[in-house]
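Tertiary structure, described
If you want the building blocks of each chain, they are given just below.
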Amino acid sequence: MSESEPTLQKPNHQTETPNYDDAYDAIVVGAGLSGTAAALTMAREGLDVLLLERGPAPGTKNVFGGVLYTPTIRELVDIDDAPLERYIAEKKFSMLSADGDETAVSMRPSAWSDDPHNDSYTVLRRRFDEWFAKQAEEAGVTLITETTVTDVLRDGDTIVGVRTDRPDGEIRAPVVVLAEGANSLVSETAGLKDRPDREDVAVSVKEVFKLNRETIDDRFHLDGDAGAAYHYFGEGAVGEAVGGGFVYTNKRTVSVGVAYRIEDAAQGQTPEATLDAFESHPAVAPLVRGGRRIEYSAHAIPEGGADAMPDLVYDGAVVVGDAAGLVLNSGVHLEGTNMAVESGYHAGKAIAAAIEDGRTDEAALAAYPRDLEDSFVVENLRHYDWFHRTIATDRQFLFEDLPRALADAETEYFKMDRSSKEAHTDAARERLLDATGGWVGAAKRAWRFRRMLS
Amino acid sequence: MSTAHPHVPDVSTEDRLYTVKYRDSGESHLGIENADICTECTTNECTSVCPAAVWTVDDDSDGVPSIAYENCLECGSCRFGCPYDNVEWTYPKTGSGVVFKQG
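It should be emphasised that the depicted structure is a prediction, and the values quoted were computed from it without experimental measurement. (Residues numbered from 1 in each chain as written. Chains lettered and ligands numbered in written order. Predicted model: local features only at pLDDT ≥ 70, side-chain atom pairs only at ≥ 80, totals over all residues.)

What follows deals with the overall build of chain A. Along its length, chain A carries 16 helices and 20 strands. Radius of gyration (C-alpha) of chain A: 24 Å, near the 22 Å computed for a compact globule of 454 residues. Dimensions of chain A, computed from C-alpha atoms along their principal axes, come out at roughly 90 × 45 × 40 Å. Burial statistics for chain A: of 454 residues in total, 54% are counted as buried. Put simply, 72% of the contacts in chain A that link residues at least 6 apart link residues at least 24 apart. (Helix = DSSP H or I, 4+ residues; strand = E, 2+ residues; numbered from the N terminus. Rg over C-alpha atoms; globule rule 2.2 N^0.38 Å. Buried ≥ 20, exposed ≤ 12 C-beta atoms within 10 Å, placed from the backbone. Contact = placed C-beta atoms within 7 Å.)

Another point: the overall build of chain B. A tally of helices and strands in chain B yields 4 helices and 6 strands. Written out in order from the N terminus, the α and β elements of chain B read α-β-β-α-α-β-β-α-β-β. Along the first, second and third principal axes, the C-alpha atoms of chain B reach 45 × 40 × 25 Å. Across the 103 residues in chain B, those meeting the buried criterion constitute 35%. Considering only intrachain contacts with a sequence separation of at least 6, the fraction spanning at least 24 residues in chain B is 67%.

Let us now look at the domain arrangement of chain A. Under the domain assignment used here, chain A contains domain 1 (26-83 + 123-196 + 307-374), domain 2 (86-121 + 198-302) and domain 3 (391-453). For domain 1 of chain A and domain 3 of chain A, the distance between their C-alpha centres works out to 46 Å. (Domains from an automatic or database assignment.)

Turning our eyes to something else, we now look at the sheet that holds strand E10 (residues 170-172) of chain A. All names here are of chain A. Across the sheet, 3 strands lie side by side as E8-E9-E10; this open sheet has antiparallel pairing. Two strands in the sheet have a free side with no partner beyond their single neighbour: strand E8 (149-155) and E10. On average, each strand axis in the sheet is inclined to that of its neighbour by 30°, with strand direction left out of account. Strand direction decides the pairing type here: E8 and strand E9 (residues 158-164), joined by 6 bridges, are antiparallel. (Pairing = 2+ DSSP bridges. Axes fitted to C-alpha atoms, helices over the stretch in contact; angles between N-to-C directions.)

Taken residue by residue, the interface counts 38 residues in chain B and 49 residues in chain A. By residue number, the principal contributor to the side of chain B that touches chain A is helix H4 (residues 77-81) of chain B, which donates 4 residues. Tallied by class, the residues present in the side of chain B that touches chain A amount to 17 nonpolar, 14 polar and 7 charged. (Nonpolar A, V, L, I, M, F, W, Y, C, P; charged D, E, K, R; others polar.)

Residue and element names in this part refer to chain A. Position of Glu-342 relative to the elements: it lies in helix H10 (residues 337-356). Distance in space between the C-alpha atoms of Glu-342 and Leu-433 is 44 Å, their sequence separation being 91 residues. When residues no more than four places from it in sequence are discounted, the contact partners of Glu-342 are Thr-72, Ser-375 and Val-377.

Here the focus is the sheet that holds strand E11 (residues 175-178) of chain A. Across a sheet, paired strands are connected by hydrogen bonds in the backbone, their directions being either parallel or antiparallel. Residues and elements named next belong to chain A. Strand order in this open sheet of 6 strands is E7-E2-E1-E11-E18-E17, and the pairing throughout is mixed. Each edge of the open sheet is held by one strand with a lone partner, namely strand E7 (142-144) and strand E17 (313-314). Taken together, the 2 bridges between E17 and strand E18 (residues 317-319) define a ladder with antiparallel strand orientation. By the bridge assignment for E18, Val-313 is matched with Val-318. Relative to the sheet, helix H1 (residues 33-44) contacts strand E1 (26-29), strand E2 (49-52) and E11, its axis offset from that of E2 by approximately 165°.

This part covers the packing of helix H14 (residues 395-413) of chain A against helix H15 (residues 421-436) of chain A. Residue and element names in this part refer to chain A. Here H14 crosses H15 at 175°, and the two axes come no closer than 8 Å. Taken as axis vectors, H14 and H15 run roughly antiparallel relative to one another. Here H14 contributes Asp-401, Leu-402, Ala-405, Asp-408, Ala-409, Glu-412 and Tyr-413 to the contact with H15, which in turn contributes His-424, Thr-425, Ala-427, Ala-428, Arg-431, Leu-432, Asp-434 and Ala-435. When grouped by side-chain class, the residues that make up the contact of H14 with H15 number 8 nonpolar, 2 polar and 5 charged. (Parallel < 35°, antiparallel > 145°, perpendicular 65-115°, else oblique.)

Right, let's talk about unusual backbone geometry for a bit. Note: most peptide bonds trans; most residues except glycine with negative phi. Between A:Gly65 and A:Gly66 the backbone carries a cis peptide bond, its omega angle lying at -5°. Here the bond from A:Asp115 into A:Pro116 is cis, since omega is 0°, no more than 30 degrees from zero. Looking at where A:Pro116 falls in the secondary structure, it is placed in the loop between strand E5 (102-107) and strand E6 (120-122). With a phi angle near 55°, A:His221 is a residue other than glycine that sits in the positive phi range. One can find A:His221 in the loop between helix H5 (213-220) and strand E13 (226-233). You will see that B:Thr94, though not glycine, has its phi angle at about 25°, which is positive. Turning to its location among the elements, B:Thr94 is positioned in the loop between strand E5 (87-89) and strand E6 (97-98).

Take the pairing of strand E4 (residues 86-96) of chain A next. All names here are of chain A. Looking at chain direction, E4 and E6 are connected through 2 bridges and run antiparallel. Bridging across to E6, Tyr-87 finds its partner in Tyr-121. The pairing of E4 with E13 spans 8 bridges and is classified as parallel. The residue bridging Met-95 from the neighbouring strand is Phe-233, located in E13. As paired strands, E4 and E5 are joined by 6 bridges and run antiparallel to one another.

Right, let's get into H14(A). Taking 1.5 Å per residue as the helical rise, H14(A) with its 19 residues ought to reach 27 Å, and the 26 Å between its terminal C-alpha atoms agrees with that figure. When the local axis directions of H14(A) are compared, the greatest deviation, roughly 40°, occurs at A:Asp401, which is followed within four positions by the proline A:Pro403. (Expected span 1.5 Å × (residues − 1). Bend = angle between axes of the 7 residues up to and from the residue.)

Residue and element names in this part refer to chain A. As for its position among the elements, Ala-39 is in helix H1. Along the backbone, Ala-39 and Ala-133 are 94 residues apart, and their C-alpha atoms lie at a distance of 8.8 Å. Beyond its immediate stretch of four places on either side in the chain, Ala-39 contacts Val-28, Val-49, Leu-51, Ala-136 and Val-141.

Structure below.
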């Protein structure tokens with residue numbers, strides 16, 4: 001790991017890395033959404049870009065829920081040819097108790113059926129990321145796979161390139177874009193950011209189930225390219241942890257998973273047992289019944305919000321995407337892909353302008369954090385920063401008491417017996433007020449969570 | 001009393017990992033910084049946060065986990081989960097490790 005040869009040798013046979021020193025304006029570390037968006041943006045601005053990916057192909061190391069949000073991707077590429085699975089025609093938010101109760105709100109605005117479908121599509125990252133990186137290559141980006149960046153190169157305090165695990169694998173360029181994802185080893189090794197606390201990182205485990213297309217259409221009430229995004233909360237989704245479960249329909253597969261704080265897993269609630277319980281909940285099991293498991297995957301998700309964001313710009317380097325902690329989880333909004341692309345896009349624009357001016361120091365690159373700060377990305381993170389703290393302190397009420405109380409109230413309210421509707425209403429109200437701590441408690445909680453929908 | 005969880009999934013960790021494609025590098029990208037810390041540790045967070053049974057502590061191992069690195073899904077949970085920052089975590093070399101086909 002401590003190769004200290006200062007310069008690259010000229011390549012003399014195929015196993016050696018060719019000499020790329022100063023052949024490129026920028027090196028991008030990681031061909032995920034943020035890295036490829038940055039590379040593509042820079043290439044479109046006329047820069048020579050080297051995109052490095054540690055996996056055998058882009059997407060081979062990438063996992064998400066997931067829904068891809070495409071407003072900015074659509075500015076960069078023609079997504080008509082993209083390997084999209086289904087557009088999101090229905091969103092469902094569902095509360096599950098550990099006793100098997102479900103209370104859900106589902107929405108299918110007809111506007112979502114119209115092109116471009118609210119820029120929300122399920123995708124599988126292996127296919128999509130590979131396609132996206134191909135668009136970057138067609139725009140002139142040089143993609144090199146199976147190459148792991150192990151550290152940055154410095155000249156004094158300035159970052160001047162990267163060290164890779166290839167023989168003589170040091171590569172120099174004026175700017176390095178760190179788009180290495182949630183496990184940002186290079187940024188941490190280089191001292192650009194601290195390892196996030198385990199309270200601020202979620203573990204997600206996911207399985208992809210193979211079902212035939214008609215079965216998915218029938219089970220989820222879908223036609224054509226329409227798809228469903230179901231989000232689950234409560235003890236029936238993730239046990240005693242803070243987090244949630246999800247079910248997303250792809251064309252011929254269904255993605256099922258859970259995501260919750262690593263802190264909760266460390267306290268003993270293991271990811272697999274949590275996934276087992278979610279998949280066997282009576283509200284979820286019938287959706288994937290008979291499906292063949294075709295892939296199990298896991299990933300970390302940075303969920304520290306605006307407070308946990310590292311500095312985004314250094315002399316000769318910027319940090320984008322998950323490495324910069326750009327993931328939003330407000331309970332209702334679960335976003336990351338759009339923020340990754342947006343950060344790559346702004347970083348790419350800022351780098352192109354800086355290189356045009358012949359400077360790549362921190363001040364010259366400062367347009368990136370400034371533009372990101374002014375964009376929806378940081379604005380949304382700040383707006384919902386309160387959410388994680390609040391949800392953790394109210395976990396028992398939200399995840400255990402409320403799902404049960406709602407189910408009990410529903411049972412009372414719609415009861416078929418020989419008592420009056422008024423008696424049923426009274427009983428239902430009592431169940432709810434028991435859980436909320438009376439009218440005062442209900443009002444306090446409503447006040448505390450008012451910003452969830454604002 | 002409760003009718004919850006009638007469809008307990010009949011699936012083991014091995015079944016799940018069998019669906020995952022890997023390229024074995026032949027050497028572990030995971031390690032332990034200081035085994036003495038593991039001997040002192042009684043909580044073994046590494047074993048409970050890992051979704052792929054990479055970390056196991058046997059009775060006769062003095063509390064030091066064994067590492068089945070070839071199961072690793074590269075999620076990084078152990079790196080965050082260890083309260084002593086005692087997990088040595090590197091990316092697998094030159095394209096090896098997990099190769100997701102779906103993601």
